[in-house]
Amino acid sequence: MEEKPFSVIVNGAVPGEPVKTDKNSRRGNWGNQIEFILTSVGYAVGLGNVWRFPYLCYRNGGGAFMFPYFIMLVFCGIPLFFLELSFGQFASQGCLGVWRISPMFKGVGYGMMVVSTYIGIYYNVVICIAFYYFFSSMTNLLPWTYCNNPWNTPTCNGVVTPRGINNTLANVTRSLVTGAAEVAVEVVNKTKRTSPSEEYWKHYVLQISDDIGNFGEVRLPILGCLAVSWVVVFLCLIRGVKSSGKVVYFTATFPYVVLTILFIRGITLEGAVTGIKYYLTPQWHKILDAKVWGDAASQIFYSLGCAWGGLITMASYNKFHNNCYRDSIIISITNCATSVYAGFVIFSILGFMAHHLNVDVSEVADHGPGLAFVAYPEALTLLPISPLWSLLFFFMLILLGLGTQFCLLETLVTAIVDEIGTDWIVRNKTVVTGGVAIVGFLLGVPLTTQAGIYWLLLMDNYAASFSLVIISCIMCICIMYVYGHKKYFKDVEMMLGFPPPIFFRVCWRFVSPIIISFILIFTVIQYKPITYNDYVYPGWSLAIGFLMAMSSVICIPIYALYKIAKSEGTTFLERLKNSCKPDVKWGPALSEHRIGLYATPGSEGEVEVRPLKEELREKEKEDEKRDEISLTIQGSNGSTEHNTTPSA
C-alpha cells in the first residue's frame, strides 16, 4: 500500500512518539486536544462576531460582502492563524519567550502584552454590563419596556404600544377622524424617537455625563458587576489551562445553543424574512469598492485575534507533535461561520422590530454597544415572555466575552511566568493570576464612572487598531526573512512530521504581509475621529487614544535598540547581526524533542532535520545492530560489552 505524504495524526500526536515524552510536566499541557480547540474557538469567537460582523455585512453589500470576506479568510486569516499556532507550539513559550527566535524583536512580544492589557481592561467592563443586564432581566417585566419610569424623558416613545406611538398620542388620535389619525401616525413614524431602551441605557445604567473629562461618580452597580466578572475569570483560571480547559466545555459551546434558540424564535416572527433579506441581498456593484475589501480584511484580522498574543500562548500548552495545521483550519472556519450565523439571529429579530414599527431595517440596525444594549433589548420587549429571551441573550454575551477574556488574562500570566521562570513562580502561578486580576479590576474602575462609556469606546477604537497590524507585519517579516523561511519550514516539519503546504509557504512569505500592509494603509486612509452618537471627542482625548495605540508599537524599536546596545561586537553591524541570531535556548522546550539542529552538544542528533518517521526508523535499526553485537560479545563477568575492537 502506497504511503501517504504525511502522517495521520491520532489524538493530536504523530504516531510513534510515546505520549509520555510529549508531556511538559513543569509547565503543563492541555488535558486533551478538544480543550485546546474549544478554548481557541472561545478566544476567536467574541462579541465582535455578534455586534460587528452583521452590521459590516449589510453596510458593505450584503451577500456580496461574503465574497471578499472569505477571500481574506483564505489568504490572510487562516495562514496567520497557522503561523501563530505553530510559532507558540514549537517553542512551548508565551508571547515573550518565543522571541528567542530573534532576540532583537522581543519588543513585539511586549507590544502584544500591552495590547492584551488594554483589551482585557475594557473587555471585562463590557462583560460586567452584560452581567448587569442579565440580573436586570430577572423580572416579570423588563425595565426598559415602557416610558413610565423616573429616568424617562418627555421625548421617550416606546414600541410596546399601538403602531409605535405612546399612550398620549394614541388617545389624541382616537378622537380624530381616520384620515387625520393616519397622517399623525406617519408623522410620528418619521420623527426620530427616543426609545425606552436607549433612555434606560443612558440615563439609568450609565447615567452618562456630558463630556469625557467629566467623570462624575462611580456607578456602584456596575462596579459590583465588574468585581463579579473578574472573580469569575480568576476562578476559571485558578489552575491555568488545567481549570480553564474544563470550563470551556460549557463557555465555548453553550453560546451556540442560545444562538440556535434565538434563531428558531426569530425566523418564526413576522417581518423576520425582510430583515434576513436586508442582511444577505447582494449588491454586487460594491465589490469594486476598496472600502468593502478593507472592511473584510480588517474584520478577519481582528476577529481571529491575530497579534494579541493569545494564539501563541494557547498553542504553547499543546503537545509538541500536535497537528496545529488542522486546528488552525477548524478554528478559523468555525469563527467565520459563527459570524455569518449570528447575522441571521440578529437580523431576524431586527426585521421583526422594523415591521412592528413600520420603518426600514436600516433605522433599527446598529453595531457595537448600541446593538447589544439598545436595539436588540428593545426588540426583545416585543416578544412574549420577553424576560426569558433577554436572559438568554445576555447570558450568551457573557459567555462569548468570558471565552476571550480567559485567553487575554492567560496571555499576560503566561508571559510573566515564562519570563521570570523560577521554580517558585511556576509553582505559585495562581498568585500571579490573582495579582493580574486585581490590577485589571483597579484599572477598570474609571470605566465604571459616568464618563466610562466614552473611555471604553476610545480604548476600543485606538488601543487595538493599527498597532495590531504593525505588530503582525513585523512578526511575519522577522520569522520569514530575519530568522529565515527555510529554517522555519524545517522547524514545522520536525514538529508536525510534514512540511507546511506550499500554499501556506507562499502566503507567509508574500501574500499575507501584502494584505496586512493593505489593511494598515486602508486604516490610515479611512481614519475618522471617533464620535459617540452626537458627541464629538475633544482633541486632547484623541491624543490620548493615539498614545495608547503607539504605546504598544513603541516597544518594538525601544527594545531593539536596547538589545543591539547589549549585544557583543565592536561595530553597529556586528551588534545588529548578533542581536538577530537565535538564542541558544531557541527550539523545542523538552530535551527529547531537541534533535537535528537543536541537539545538545555531544548528542547523536544529525545536523539535517528530517521527518519524524524517518528518524524513528533509523533509531530502531541502530538499536537492532547494538542488540546483535551484545549477543555475540560478552565480557569476562558476563556483562554486555559494546566495544567491537579485538581487545574486547
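Residues numbered from 1 in each chain as written. Predicted model: local features only at pLDDT ≥ 70, side-chain atom pairs only at ≥ 80, totals over all residues. Heavy atoms only, no water.

Asker: Can you break down the packing of helix α5 (residues 106–136) against helix α21 (residues 466–496) residue by residue, with the values?
Answerer: Between two packed helices, both the angle of their axes relative to each other and the distance between the axes serve to describe the pair. Between α5 and α21, the least distance of the axes is 10 Å, while the angle of their chain directions is 155°. Between α5 and α21, the angle falls in the class roughly antiparallel. Considering the relative orientation of α5 and α21, their crossing is left-handed. On α21, the residues that touch Val108, Gly111, Met112 and Val115 of α5 are Ser467, Leu468, Ile471, Ile474 and Met475. Residues of the contact of α5 with α21, tallied by class, amount to 7 nonpolar, 2 polar and no charged. (Axes fitted to C-alpha atoms, helices over the stretch in contact; angles between N-to-C directions. Helix = DSSP H or I, 4+ residues; strand = E, 2+ residues; numbered from the N terminus. Parallel < 35°, antiparallel > 145°, perpendicular 65-115°, else oblique. Left-handed = near helix turned anticlockwise from the far one by under 90°. Contact = heavy atoms within 4.5 Å. Nonpolar A, V, L, I, M, F, W, Y, C, P; charged D, E, K, R; others polar.)

Asker: So what's going on with the state of the cysteines? Which residues, and what values?
Answerer: By definition, a disulfide links the sulfur atoms of two cysteines through a covalent bond. Scanning all chains against the criterion turns up 1 disulfide. With no disulfide of its own, Cys476 lies closest to Cys473 among cysteine sulfurs, the gap being 6.8 Å. Judged by relative accessible area, Cys476 falls into the buried class, the value being 1%. (Disulfide = S-S within 2.5 Å. Buried < 20%, exposed > 50% of the residue type's maximum accessible area, 1.4 Å probe, protein only.)

Asker: How would you explain the confidence of the model for the protein if you had to name every residue and give the values?
Answerer: Mean pLDDT over the protein stands at 86; residues scoring 70 or higher make up 84%. Segment residues 1–21 is flagged for pLDDT under 50; beyond a separation of four residues in sequence, or across chains, it makes 32 contacts in the model. The low-confidence segment residues 603–610, where pLDDT is below 50, has 14 contacts with residues more than four positions distant or belonging to other chains. (pLDDT = per-residue confidence, 0-100.)

Asker: Please provide a residue-by-residue account of unusual backbone geometry, values included.
Answerer: Unusually for a residue other than glycine, Gln207 sits at a positive phi of about 45°. Mapped onto the elements, Gln207 comes out in the loop between α8 (196–206) and α9 (220–236). Here Ile385, not a glycine, exhibits a phi torsion of approximately 55°, which is positive. On the secondary structure map, Ile385 appears in the loop between α16 (369–380) and α17 (386–420).

Asker: Outline the pattern of salt bridges, supporting the account with residue identities and numerical values.
Answerer: A side chain of one charge can pair with a side chain of the opposite charge when the charged atoms of the two come close. According to the stated counting rule, one finds 9 salt bridges in the structure shown. Salt-bridge contacts for Arg27 lead to Asp418; the nearest nitrogen and oxygen are separated by 2.8 Å. In this pair, Arg27 is assigned in the segment before α1 (33–44) and Asp418 in helix α17, connecting sequence segments 391 residues apart. The exposure classification of Arg27 matches that of Asp418, with both residues buried. Taken together, the salt bridges that share partners define one network made up of Arg59, Lys291 and Asp295. (Salt bridge = Lys/Arg side-chain N within 4 Å of Asp/Glu carboxyl O.)

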